[in-house]
Protein chains: 2
Amino acid sequence: MTTRKLGRGVAVVGAGMSQFGVFPAKATRDLFVEAFLDLRQSVDRGFDPQEIEALYIGNYSSELFEGQGHTAPIMADWLGLTPRPATRVEDACASSGVAFREGIIAVASGLYDVVLVGGTEKMNNLPIAQVTDALGTAADVLYEIPAGFTFPAFYAAMATAYMQRYGATPEALMRVGLKNHDNGALNPKAQFNASIADIMAQKQAAAARKGRPVPEWADEMAFLHDDRANPMIAWPLRLFDCSPVTDGATAVLIVSEEIARRFSDAPLYVIGSGQASDAALHGRSDLTTIGAARAASRQAYTMANVQPGDVKLAEVHDCFTIAEIIATEDLGFFAAGQGHAAAEEGLTARHGPQPINSSGGLKAKGHPVGASGTGQIVEIWKQMRNEAGARQLPRDVDLALTHNVGGTGQTCVVHVFERR
Amino acid sequence: MTTRKLGRGVAVVGAGMSQFGVFPAKATRDLFVEAFLDLRQSVDRGFDPQEIEALYIGNYSSELFEGQGHTAPIMADWLGLTPRPATRVEDACASSGVAFREGIIAVASGLYDVVLVGGTEKMNNLPIAQVTDALGTAADVLYEIPAGFTFPAFYAAMATAYMQRYGATPEALMRVGLKNHDNGALNPKAQFNASIADIMAQKQAAAARKGRPVPEWADEMAFLHDDRANPMIAWPLRLFDCSPVTDGATAVLIVSEEIARRFSDAPLYVIGSGQASDAALHGRSDLTTIGAARAASRQAYTMANVQPGDVKLAEVHDCFTIAEIIATEDLGFFAAGQGHAAAEEGLTARHGPQPINSSGGLKAKGHPVGASGTGQIVEIWKQMRNEAGARQLPRDVDLALTHNVGGTGQTCVVHVFERR
């Protein structure tokens, strides 16, 4: 397939998110309004919401999580934006990354100049076993789920294949979690606004409060090796290798390039977009890479005319720690089989040469599945505009990338952003 | 809102559908392959499926109906089309009409030249009460479903409001069902390939076979008034006022205008597209019209630069008979309050001046919800190319329209097609 250019340029002029966490008293629509109000604050020159011409809403499964389908018009109604076209886009955990791409395509088509892209998921209504079942519908329910697979098990299979081939250790995975919690500790919107050290201290304080024996750990790695503190979920993945179950919403405002400065003093230009599909995991020959990520990033790099080395920050889809390691290889930051060493050596840390997931990633920021793709763009927005506060990267971020995966990699969507 | 033109022209060069009906042994993917193979036959000059650059799949709720989410990449995989981008679009029963619009937008953007748009739904896996519940998620589950509403009840509320305001009778509704079954009797792919007279004869034969008393009816209207043959579902809507629960899939191939003749001797050009959203039914001031249909059709007519009177055939969203009557008014074929008389006078019959639903409509052809939007285009394709066989309209169809509604009208999408 050839990679073509879009008919006209598209820019991001605002991005916002709700608090990520567990919110029993809120519905998806409430979280989305919260995200939209945050977005409004982010538009430098302000704007009238009535300028919005269409909505694209990424949502994985409000049907299963809160019994509500047909969510896009509800979001339009809750913002007072009917009768504008409102379209829900679903590609599992890549839903809002793909919705963003649809928004870009729509602006590029000439049909709209101003489009709102949202992502939503309210996952904590169900008991955890039902959440696991709901997420399982993103795999192949005819061939995979009857074999006993859950999502931790799929990624555990990928992890064991990767470890076997490349000699990676569980410690490399743990380093990803440590780093992402370090970043999340500096992100006030994160579900886990806490480093692993913070979490250790919280657990000690809780034990003391309850009059129980106060656990002691030599260091974070000792904590992560403790089967009680960090139980095994699906070997080699432990609890802190898995992203949490999150309620949250995100929103991004995109406009045609030529009017971007009317909205923003520092718009982000979308210079690359790629999307690819793949067979479900059981149909793939190699579990140590996600082919759709390689294909999507190749498209995005070609459209943007940049190399992986040009990317100053990437928000990647770390639904499990192994997924981040594989992503850094699929995106070309490290050669195949070298991502685990890079993680262990701290190359992907906030102050490292190839920062990954400065937001805390899905691991610490949280993973409201349908909201995560546009959530990545919220972080890119802040970092590229030097508005990330305590977690602002030391190096100027003039080019950044988002990598959003659906399921076990049946979908991947990649975007490249430039600040001019 | 202004109505803008698309960046470049788009044409339909093929359309196909699976058999519509009840298929316990088939999964959605099987039905979609069947639709795609039918589409392949329809492309005059043939084509290599590998030319397809992206897939848009309309599906309402495979999650709820067959426990399978993330369906778009499965459809790509089943056709051998990975790693092409595969995106599921959901707007309840308007899902594939909106997917079609997304496909058009994507071609217009310049990103793709050849796009496959599909629609799928496999509804008969669940017991009927669960189907009703699943469909209910297309309404507002916070405000409407707890009040006891089901979809027949929503449309019954619209019907009673309409009858009260305009003096329409239940017989006008019955005339819609009669007409659509007359058309469906000539459509071999229809779930009900049978007129009401055929169904009466089937029931009589079945009774005789079982040695039961053979029912007699003076005519079709007597049958439709018989509480046993045509039971009340939600007054004034009886069984034959409601579309059935259907398994089916549909597929449409669209390409950029400039290459259309490479695929087809008689492509259909998409000259108008409109989409609109609205509040859920409880939030609307008028139950006798669907505002989103009025808004979407206005957009489509303006883009196409045509008038309602120019439309030679319309496939409209007759999920219930009242919906067809209201649609013919919302689309401007008849003035508000006159659609019921038009139906009674036969103006919308196949040989009438304003033919509606020559396919049999959702009522007789069947309503696999996510597949219905592109299913309408299959009929338009056949009629505009003079390939509709026994149900071919007497008058040449050089301009036609599709009208696809989601939920109670929270979404409507309208397209206008021209044969040149």
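Conventions we followed
- Residues numbered from 1 in each chain as written.
- Chains lettered and ligands numbered in written order.
- Predicted model: local features only at pLDDT ≥ 70, side-chain atom pairs only at ≥ 80, totals over all residues.
- Heavy atoms only, no water.
- Helix = DSSP H or I, 4+ residues; strand = E, 2+ residues; numbered from the N terminus.
- Expected span 1.5 Å × (residues − 1).
- Buried < 20%, exposed > 50% of the residue type's maximum accessible area, 1.4 Å probe, protein only.
- Contact = heavy atoms within 4.5 Å.
- Buried area = accessible area lost by both parts, 1.4 Å probe.
- Salt bridge = Lys/Arg side-chain N within 4 Å of Asp/Glu carboxyl O.
- Nonpolar A, V, L, I, M, F, W, Y, C, P; charged D, E, K, R; others polar.
- Pairing = 2+ DSSP bridges.
- Patch = residues over 30% accessible without salt bridge, like charges linked within 9 Å, V, L, I, M, F, W, Y side chains within 5 Å.
- Areas by Shrake-Rupley, 256 points an atom, 1.4 Å probe, with all protein chains shown as cover.
- Axes fitted to C-alpha atoms, helices over the stretch in contact; angles between N-to-C directions.
- Parallel < 35°, antiparallel > 145°, perpendicular 65-115°, else oblique.

Right, let's get into helix α11 (residues 291–304) of chain B. Residue and element names in this part refer to chain B. Across its 14 residues, α11 extends 20 Å between first and last C-alpha, which sits within 8% of the 20 Å expected from 1.5 Å per residue. When you tally the buried positions in α11, you get ten out of 14 residues, the bulk of the element. Burial in α11 covers these residues: Ala 292, Ala 293, Ala 295, Ala 296, Ser 297, Gln 299, Ala 300, Tyr 301, Met 303 and Ala 304. In this structure, the buried side of α11 is in contact with β8 (268–277), α12 (321–330), β10 (399–406) and β11 (411–419). Two residues or fewer past α11, Asn 305 is found with a positive phi of approximately 55°.

What follows covers the interface of chain A and chain B. In this assembly, 66 residues from chain A lie in contact with 66 residues from chain B. A combined buried area of about 4,900 Å² lies between chain A and chain B, and 51% of that area is made up of carbon and sulfur atoms. When the buried surface of chain A facing chain B is broken down by residue, Arg 4, His 70 and Leu 111 of chain A rank first, second and third, together holding 15% of it. Between the two partners, chain A and chain B, sit six salt bridges. Among the salt bridges present, the one from Arg 29 of chain A reaches Asp 140 of chain B, with a minimum N-O distance of 3.0 Å. Residues of the side of chain A that touches chain B, tallied by class, amount to 32 nonpolar, 18 polar and 16 charged. Relative to strand β3 (residues 86–90) of chain B, strand β3 (residues 86–90) of chain A runs antiparallel, the two sharing three bridges.

All names here are of chain B. One can find Pro 49 in the loop between α1 (28–42) and β2 (54–59). When the C-alpha positions of Pro 49 and Gly 80 are compared, they lie 8.6 Å apart, and in sequence the two are 31 residues distant. Contacts of Pro 49, omitting those with residues within four sequence positions, involve Phe 36, Arg 40 and Leu 81.

Residue and element names in this part refer to chain A. Summed over the entire model, instances satisfying the criterion amount to 46 salt bridges over all chains. Of the charged contacts, one joins Asp 265 and Arg 45 as a salt bridge, the two residues approaching to 2.6 Å between their closest N and O atoms. Separated by 220 residues along the polypeptide, Asp 265 in the loop between α10 (260–263) and β8 (268–277) and Arg 45 in the loop between α1 (28–42) and β2 (54–59) bring together distant segments of the chain. Classification of Asp 265 as partly exposed rests on a relative accessible area of 42%. As a salt-bridge pair, Asp 398 and Lys 312 come within 2.6 Å of each other at their nearest N and O atoms. One end of the pair, Asp 398, is in the loop between α15 (372–384) and β10 (399–406); the other, Lys 312, is in the loop between α11 (291–304) and β9 (313–315), and 86 residues separate them in sequence.

Take a nonpolar patch on the surface next. Together, Trp 78 of chain A together with Leu 142 and Tyr 143 of chain B line one region of the surface with nonpolar side chains, adding up to about 310 Å² of accessible area. Mapped onto the elements, Tyr 143 of chain B comes out in the loop between α5 (128–136) and α6 (151–166).

Bringing the packing of helix α4 (residues 95–108) of chain A against α15 of chain A into the picture now. Residues and elements named next belong to chain A. The interhelical angle for the contact between α4 and α15, taken along N-to-C directions, is 70°, at an axis separation of 5 Å. Put simply, α4 runs roughly perpendicular to α15. Residues Ser 96, Gly 97 and Phe 100 of α4 lie in contact with α15, whose contacting residues are Ser 372, Gly 373, Thr 374 and Ile 377. Residues of the contact of α4 with α15, tallied by class, amount to two nonpolar, five polar and no charged.

In terms of backbone geometry, most residues other than glycine have negative phi values and most peptide bonds are trans. Residues Trp 235 of chain A and Pro 236 of chain A are joined by a peptide bond in cis, for which omega reads 5°. Structurally, Pro 236 of chain A is set in the loop between β5 (232–234) and β6 (237–238). Residues Thr 82 of chain B and Pro 83 of chain B are joined by a peptide bond in cis, for which omega reads 10°. Mapped onto the fold, Pro 83 of chain B is located in the loop between α3 (71–78) and β3. Its identity as a non-glycine residue notwithstanding, Asn 386 of chain A has a phi of 60°, on the positive side. As for its position among the elements, Asn 386 of chain A is in the loop between α15 and β10. Not every positive phi belongs to a glycine, and Asn 357 of chain B is a case in point at roughly 60°. Within the secondary structure, Asn 357 of chain B sits in the loop between α13 (339–344) and α14 (361–365). Taking the relative accessible area as the measure of exposure, Asn 357 of chain B reaches 1% and is therefore buried.

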